[in-house]
Amino acid sequence: MAEFRYTGVMPDKRRVTGYLEAKNKKVVKEKIDKITKQHGFTLHSIQRKYIYDYKVKNKNGEIVRGEQEAFSKMK
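Residues numbered from 1 in each chain as written. Predicted model: local features only at pLDDT ≥ 70, side-chain atom pairs only at ≥ 80, totals over all residues. Heavy atoms only, no water.

(A) Representation of the environment of S45. Within the secondary structure, S45 is located in strand β3 (residues 42-48). By relative accessible area, which is 28% here, S45 ends up partly exposed. Residue contacts for S45: discarding those within four places in its chain leaves R5, Y6 and T7. A distance of 2.7 Å separates the side chain of S45 from the side chain of T7, its partner in a polar contact. (Helix = DSSP H or I, 4+ residues; strand = E, 2+ residues; numbered from the N terminus. Buried < 20%, exposed > 50% of the residue type's maximum accessible area, 1.4 Å probe, protein only. Contact = heavy atoms within 4.5 Å. Polar contact = N/O pair within 3.5 Å; in protein donor to acceptor, adjacent residues only side chain to side chain.)

Printed below as a string of structure tokens:
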């Protein structure tokens, strides 16, 4: 199952963030639709968590490769 993060705004301008697991984005949209109606907030975005590969040099100058799960490539 994939992990998703959603963000939205309540009518009083408070930010809402939540996390869900589902098979695909269509199922997540259905679940989030129920949540937004129940709690009365406006949905702004849905992001899927991906696995990103990275390559860095450690303090000894050796190259280290790895993977990290994240919702975006941003640092």
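(B) Here's a closer look at the layout of surface pockets. In this structure, the largest pocket encloses a volume near 220 Å³. Along its surface, the largest pocket is lined by Y52, D53, Y54, Q68, A70, S72, K73 and M74. Of all the secondary-structure elements, those providing two or more residues to the lining of the largest pocket are β4 (50-57) and β5 (63-70). It is β4 that provides the largest number of residues to the lining of the largest pocket, a total of three residues. Here the residues of the lining of the largest pocket sort into four nonpolar, two polar and two charged. (1 Å grid on protein atoms, 1.4 Å probe; cavity = no way out; pocket = protein on both sides within 12 Å on 5 of 7 lines; lining within 4 Å. Points joined across faces, edges and corners; volume = space filled by probe spheres on them. Nonpolar A, V, L, I, M, F, W, Y, C, P; charged D, E, K, R; others polar.)

(C) Local environment of the pattern of salt bridges. Here the structure, examined in full by the defined rule, presents three salt bridges. For the salt bridge of D12 with R14, the shortest nitrogen-to-oxygen distance reads 2.9 Å. For R14, a relative accessible area of 49% translates into the label partly exposed. (Salt bridge = Lys/Arg side-chain N within 4 Å of Asp/Glu carboxyl O.)

(D) Examining a nonpolar patch on the surface more closely. On the surface, a nonpolar cluster with roughly 230 Å² of combined accessible area is contributed by Y54, V56 and V64. Within the fold, V64 resides in strand β5. Overall, V64 belongs to the partly exposed group, its relative accessible area being 33%. (Patch = residues over 30% accessible without salt bridge, like charges linked within 9 Å, V, L, I, M, F, W, Y side chains within 5 Å. Areas by Shrake-Rupley, 256 points an atom, 1.4 Å probe, with all protein chains shown as cover.)

By themselves these figures say nothing about function.
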